[in-house]
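# Commentary on secondary and tertiary structure
Single-letter residue listing:
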Amino acid sequence: VRHLAISVSPQKMKKQVSPRLYDRNYYLNECDGSVLFNKTYGDALDDRLTKIASLIQIKPGAVVLDVGCGRGELAIWLAKQGCWVTGIDYSAAAIKIANKALQHQPKAIQRRVKFKRADLNNLRFTPHTFDFVVCVEVLEHIYPDEQDRLLRQIKILLKPDGYLFIHTAPSRWFLDFTYRFLCYPVVSLIT
């Protein structure tokens, strides 16, 4: 089996957000959806993830990579849609929480999901493995040079007819509602 090994020399790596910022407290208390996650162990999606999930056009049997899987609830949802999912995150806390959530799922779902710690600067998968790559609320957490590296790697990992789904926050929802009705008026008053 060939493995993809995209090497990044230390001189070229300008910045990286520390994975220590994304600890157990962040995922279970500060991150969006944490209240519902704590009640359901990821069995239910919060309103934000439900809306995002409704946009994902996926077929049962698809092999999916969930980049920046966090607590794992989206990966679990994808498995419930009949997909085979690998969820990756560079936060050890996220992977531990995701694996614990997975233990609360039926065995059939557990067999469809694998969580592993991985650094997006050096993903190691066989090229053209994935039908679908999901990258939900990840790009805004990484530096532009990391975004470029990640997108180049995803291109290699996707099958020729594969799909990439990206969702970022702030998103169009943020710009249309939160920024327009809350942030902009407050900033205008201050300035």
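Residues numbered from 1 in each chain as written. Predicted model: local features only at pLDDT ≥ 70, side-chain atom pairs only at ≥ 80, totals over all residues. Heavy atoms only, no water.

## As for the pattern of salt bridges
Condition: The rule for a salt bridge is simple: a side-chain nitrogen of Lys or Arg has to be within 4 Å of a carboxyl oxygen of Asp or Glu. Strands here are runs of E lasting at least two residues and helices are runs of H or I lasting at least four, both read from the DSSP assignment and numbered beginning at the N terminus. Residue burial is assigned from relative accessible area. The probe radius is 1.4 Å, only protein chains are included, and a residue is buried under 20% of its type maximum, exposed over 50%, and partly exposed in between.
Per the stated rule, a full pass over the model turns up seven salt bridges. Here E73 ties to R71 by a salt bridge, and the two come within 2.8 Å at their closest N and O atoms. Put simply, D145 and R149 hold a salt bridge, and the shortest N to O gap is 3.7 Å. Residue D145 and its partner R149 are located together in helix α7 (residues 144–157), separated by four residues, close to a single helical turn. No difference in accessibility class separates D145 from R149, as the two residues are buried. Each of the salt bridges in this network shares a partner with another, and the network as a whole consists of D32, D46, R48 and E137.

## Notes on the pairing of strand β1 (residues 63–67)
Rules: Paired strands, in this sense, are two strands between which DSSP finds at least two bridges. A crossover gets the label right-handed when its path from the first strand over the helix to the second runs clockwise, viewed with the strands pointing away from the viewer.
Burial within β1 is extensive, with four of its five residues counted as buried. Note that β1 and strand β2 (residues 84–89) share five bridges and pair parallel. Each residue of the ladder has a partner; that of V67, found in β2, is I88. Taking the sense of rotation as the criterion, the β-α-β connection linking β1, helix α4 (residues 73–80) and β2 turns out right-handed. Where β1 and strand β4 (residues 130–136) come together, four bridges link them in parallel fashion. The partner of L65 across the bridge, within β4, is V133.

## Considerations on the sheet that holds β2
Selection rule: Throughout, an axis means a line fitted to C-alpha atoms (over the contacting stretch in the case of helices), and angles, computed between N-to-C directions, take values from 0 to 180 degrees. By definition, residues are in contact when any of their heavy atoms lie within 4.5 Å.
Here we have five strands laid out as an open sheet, ordered β3-β2-β1-β4-β5, and parallel in their pairing. The open sheet terminates on both sides in strands that have one partner only, identified here as β3 (113–117) and β5 (158–167). Pairwise comparison of adjacent strand axes, ignoring direction, gives a mean angle of 20° for this sheet. Along the sheet face, α4 touches β1, β2, β3 and β4 and points at about 155° away from the line of β3. Against the sheet, α7 contacts β1, β4 and β5, and its axis sits at roughly 140° relative to β5.

## Describing the packing of aromatic side chains
Applicable threshold: In this scheme Phe, Tyr and Trp rings, the latter by its six-membered ring, pair at centre separations within 6.5 Å, and the angle between planes marks the pair as stacked below 30 degrees, edge-to-face above 60, and tilted otherwise.
In the structure shown here, the tally under the stated rule is five aromatic pairs. A centroid spacing of 6.3 Å and a plane angle of 40° characterise the contact between Y22 and Y90, whose relative ring orientation is tilted. A residue pair is termed long-range when its members are at least 10 positions apart, and Y22 in the segment before α1 (24–30) and Y90 in the loop between β2 and α5 (92–103) qualify at 68 residues. Residue classification places Y22 among the buried positions, given a relative accessible area of 12%. On the numbers, 6.2 Å between centres and 35° between planes, the contact of F132 with Y163 is tilted. With F132 in strand β4 and Y163 in strand β5, this pair connects stretches of sequence that are 31 residues apart. Taking relative accessible area as the criterion, F132 reaches 6% and is therefore assigned buried. The exposed category is assigned to Y163, whose relative accessible area is 55%.

## With respect to a nonpolar patch on the surface
This is how the line gets drawn: Only residues whose relative accessible area exceeds 30% and that form no salt bridge are eligible for patches; like-charged ones are grouped when within 9 Å, while nonpolar side chains (Val, Leu, Ile, Met, Phe, Trp, Tyr) are grouped when within 5 Å. Accessibility throughout is a Shrake-Rupley quantity obtained with a 1.4 Å probe, and a residue counts as covered only by protein chains that appear here.
On the surface, L151, L164 and I166 cluster together into a nonpolar patch covering about 210 Å² of accessible area. Inspection of the secondary structure assignment puts L151 in helix α7. Judged by its relative accessible area of 34%, L151 is partly exposed.

## Describing α5
An α-helical segment advances 3.6 residues per turn. Residues three or four places apart therefore align on the same side. Heads up, the rule is: A helix is expected to reach a length of 1.5 Å times the quantity of its residues less one. The arc in question is the one spanned by the directions pointing from the helix axis to the C-beta atoms.
With twelve residues, α5 should cover 16 Å at 1.5 Å per step; its first-to-last C-alpha distance of 17 Å lies within 8% of that length. Among the residues of α5, A94, I95, I97, A98, A101 and L102 are the ones counted as buried. End-on view of α5: buried residues confined to an arc of 165°, all on one side of the axis. Opposite the packed face of α5, turned more than 90 degrees from it, sit the exposed residues K96 and Q103. The inward-facing, buried residues of α5 abut α1, α2 (34–40), α4, β2, α6 (107–110) and β3.

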